[in-house]
Amino acid sequence: MSQSVCILGATGSIGQSTLKVLDRHPEKYSIFALSAYSRIEELGEICKQYQPKVVVVPFDKVDQLQKVFKEKNLKNIEILTDKEGLITVAKHPEVDVVMAAIVGAAGLLPTLAAVHAGKRVLLANKEALVMSGDIMMQAAQKSGALLLPVDSEHNAIFQCLPQNYLQIETNQEPQLGVSQILLTASGGPFLNHSSDQLKHVTPAQACKHPNWSMGRKISVDSATLMNKGLELIEACHLFSIKEHFVTVVVHPQSIIHSMVQYIDGSTLAQMGNPDMCTPIAHALAWPERIETHVPPLDLFALHRLDFQAPDTDRFPALTLARQAMQSGGLAPAILNASNEIAVEAFLNEQIGFMDIPAVSDFVLNEIANSSADTLDMILDIDRQARQSAQHRIMQLSK
């Protein structure tokens, strides 16, 4: 039976990779809804090819989209807007699968809506889980939603764990013979840069990842290792495990996507070429497998696989994330919000590269932490952290 898919963030890199996978299996999947933020011309091209029933864009982009639809002779596609539109399509009764690929905190509410509605949620938006980890996981348990990781690292961990691992109730201790999770990191474009060199890197350099094709925000996060810090927090929630059972391993080739160690001395690794179509296909079809265009590894061409510990002196973002997870409560949401503002300021050349983690460190120390009991509390602290970060950036840029 064909499944109906909603792609939140259709024009981004994850959205584009999702479309590539769907293209190979038209008998299995159809597109019900798409969303985009600013790339309206690209959205129009996608709509022409896939003919969704609904699209969601910001309210101020509606006139532009209607003009594009008229030029392409596209009719009978409903246009919804803003947060309300995203929530509507995420929980729509005709939708079976939601690809949650909106970048940053903007993806929180629609992702939660899909979880509450009991959908199969393909989670590419790590920030949503970082902000609302306990709330989202409890909602999934209550609704029966299938929350499947699309980040290559978390998808790799999921593949290496016992099949029923996510179904057991844990007390944050490893279960079923698992002893440790090894979360791999490429190290980004500045792995071998000195502290002095890091002070002078440019946004263009930070956005040029050596292995992956990603958006600007996540590329900068990868360069600071904040992306790996957020992934550490995500892993703790997804796999119900305390942060000290998660070890970050720098693996520059990005061939081993993550590993799981067991008490008998075994280490299971998931390997593959660095292409997001593989984890997307896995999450889309699980527990089955479907074909992608991604070629299998040529093991004879792999001359070496390198591993090293991360340098947290040069890349303090990883320590900030671990400390935020240890503190719990609202600290991860504060970290995420301040980082989003700092990355935007760096991309706009308002602050330097090393100022990004410094801003988050400042905000984490300025705002009092408390328990994350409700969604309103999380959204309120998100606003506070953004304001604090903006104030700190103004001070740094004078």
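Fair warning: this is a prediction, and the values are worked out from it, not measured in the lab. (Residues numbered from 1 in each chain as written. Predicted model: local features only at pLDDT ≥ 70, side-chain atom pairs only at ≥ 80, totals over all residues. Heavy atoms only, no water.)

Engineer: Just to check I follow, could you spell out the environment of Ala-301 for this structure?
Structural biologist: Along the polypeptide, Ala-301 turns up in the loop between helix H12 (277-285) and helix H13 (317-327). For the pair Ala-301 and Asn-273, spaced 28 residues apart in the sequence, the C-alpha separation amounts to 12 Å. (Helix = DSSP H or I, 4+ residues; strand = E, 2+ residues; numbered from the N terminus.)

Engineer: How should I be thinking about the sheet that holds strand E9 (residues 246-250) in this particular structure?
Structural biologist: Strand pairing in a sheet relies on backbone hydrogen bonds. The paired strands run either parallel or antiparallel. Taking strand neighbours across the sheet as the criterion, the four strands line up as E9-E8-E10-E11 in an open arrangement whose pairing is mixed. Sheet topology places E9 and strand E11 (267-271) at the edges, where each strand pairs with a single neighbour. Strand-to-strand twist across the sheet, computed as the mean angle between neighbouring axes with direction ignored, equals 20°. Pairing analysis gives five bridges linking strand E8 (residues 178-185) to strand E10 (residues 256-262), with the strands arranged antiparallel. When the sheet's bridge partners are listed, Leu-182 is paired in E10 with Met-259. Along the sheet face, helix H7 (residues 152-160) touches E8, E10 and E11 and points at about 35° away from the line of E10. (Pairing = 2+ DSSP bridges. Axes fitted to C-alpha atoms, helices over the stretch in contact; angles between N-to-C directions. Contact = heavy atoms within 4.5 Å.)

Engineer: Please clarify how the pattern of salt bridges should be interpreted in this entry.
Structural biologist: Between side chains of opposite charge, a pair can form as their charged atoms come close. All told, the structure shown has 14 salt bridges when counted by the stated rule. One salt bridge connects Lys-217 with Asp-221, and the closest N-O pair in it is separated by 2.6 Å. Residue Lys-217 and its partner Asp-221 are both found in helix H10 (residues 216-224); the two are separated by four residues, about one turn of the helix. Taken individually, Lys-217 and Asp-221 each receive the classification buried, so the pair is uniform in this respect. (Salt bridge = Lys/Arg side-chain N within 4 Å of Asp/Glu carboxyl O. Buried < 20%, exposed > 50% of the residue type's maximum accessible area, 1.4 Å probe, protein only.)

Engineer: Which parts of the structure should I look at to understand the packing of aromatic side chains?
Structural biologist: Aromatic ring pairs are described here by two measures, namely the spacing of the ring centres and the angle between the planes. Tallied over the full model, the rule gives three aromatic pairs. A ring pair is formed by Phe-158 and Trp-286, whose centres lie 5.4 Å apart and whose planes are at 55°; its orientation type is tilted. Pair noted here: Phe-158 is in helix H7 and Trp-286 is in the loop between H12 and H13, with a separation of 128 residues, a long-range link. Arranged with centres 5.7 Å apart and planes meeting at 70°, the rings of Phe-346 and Phe-353 form a pair that is edge-to-face. Both residues of the pair, Phe-346 and Phe-353, belong to the buried class. Three or more aromatic residues joined by ring pairs form one cluster here, namely Phe-190, Phe-346 and Phe-353. When the ring centre of Phe-362 is taken as origin, the NZ or CZ atom of Arg-392, which lies over that ring, is 4.6 Å away. (Phe/Tyr/Trp six-rings, centres within 6.5 Å; stacked < 30°, edge-to-face > 60°. Lys NZ or Arg CZ within 6 Å of the ring centre and 35° of its normal.)

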